Amino acid sequence: MKKVNLSRRAKFFFACIDSNDRVMTMNKKQFDKLDLPMPEVGELTQKEITLALTNQLQMNQRLEFNMWCKKNAPSFFVKLDKLIEMGAKWTKSGLLSIDR
């Protein structure tokens with residue numbers, strides 16, 4: 001996962017390094033198809049990403065997601081899959097964090 005800091009916000013990307021040592025950004029589906037080992041994601045980054053994705057959902061979907069998390073205690077990448085399945089968008093152009 002790649003993070004680009006902007007003024008007071010951050011933009012998150014799925015990325016990998018190709019054989020020529022270039023960083024390639026991609027969307028979640030492309031990232032999942034690569035079947036690469038999953039890197040460890042910091043706790044603050046997890047919170048920022050989860051907040052940005054849940055804010056894209058309607059209130060009843062947020063409640064459903066929170067109840068699902070409490071019931072299942074999923075990993076971070078499982079949470080991402082669930083949020084995207086519920087309608088949150090994370091494209092190749094990145095995910096912009098919420099204003100702090």
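See the structure printed just above.
About the criteria used
- Residues numbered from 1 in each chain as written.
- Predicted model: local features only at pLDDT ≥ 70, side-chain atom pairs only at ≥ 80, totals over all residues.
- Heavy atoms only, no water.
- Helix = DSSP H or I, 4+ residues; strand = E, 2+ residues; numbered from the N terminus.
- Buried < 20%, exposed > 50% of the residue type's maximum accessible area, 1.4 Å probe, protein only.
- Contact = heavy atoms within 4.5 Å.
- Core = buried A, V, L, I, M, F, W, Y, C linked by side-chain atoms within 4.5 Å.
- Axes fitted to C-alpha atoms, helices over the stretch in contact; angles between N-to-C directions.
- Parallel < 35°, antiparallel > 145°, perpendicular 65-115°, else oblique.
- Nonpolar A, V, L, I, M, F, W, Y, C, P; charged D, E, K, R; others polar.
- Phe/Tyr/Trp six-rings, centres within 6.5 Å; stacked < 30°, edge-to-face > 60°.

Caption draft 1: Focus on the side chain of Lys82. The topology assignment puts Lys82 in helix 4 (residues 76-85). On the accessibility criterion, Lys82 (17% relative accessible area) is buried. The residues contacting Lys82, other than those within four sequence positions of it, are Phe65 and Trp68.

Caption draft 2: Region of the structure containing the nonpolar core. The biggest cluster of nonpolar side chains holds 20 residues, and the ones touching the most others in it are Phe14, Ile49, Leu53, Leu80 and Trp90. Every element with two or more residues in this core is listed here: strand 2 (10-17), helix 2 (43-54), helix 3 (59-72) and helix 4. Ranked by the residues each element gives to this core, the list is headed by helix 4, at four residues.

Caption draft 3: Highlighting the packing of helix 2 against helix 4. Contact geometry of helix 2 with helix 4 gives a least axis separation of 10 Å together with a crossing angle of 10°. Between helix 2 and helix 4, the angle is such that the two are roughly parallel. Contacts from Gln46, Ile49, Thr50, Leu53 and Thr54 in helix 2 reach Phe76, Leu80 and Leu83 in helix 4. Among the residues making up the contact of helix 2 with helix 4, the classes are represented as five nonpolar, three polar and no charged.

Caption draft 4: How the structure looks around the packing of aromatic side chains. Counted by the stated rule, this structure contains two aromatic pairs. Here the aromatic rings of Phe76 and Phe77 are separated by 5.4 Å at their centres, their planes lie at 65°, and the arrangement is edge-to-face. Residues Phe76 and Phe77 agree in their burial class; the two are buried.

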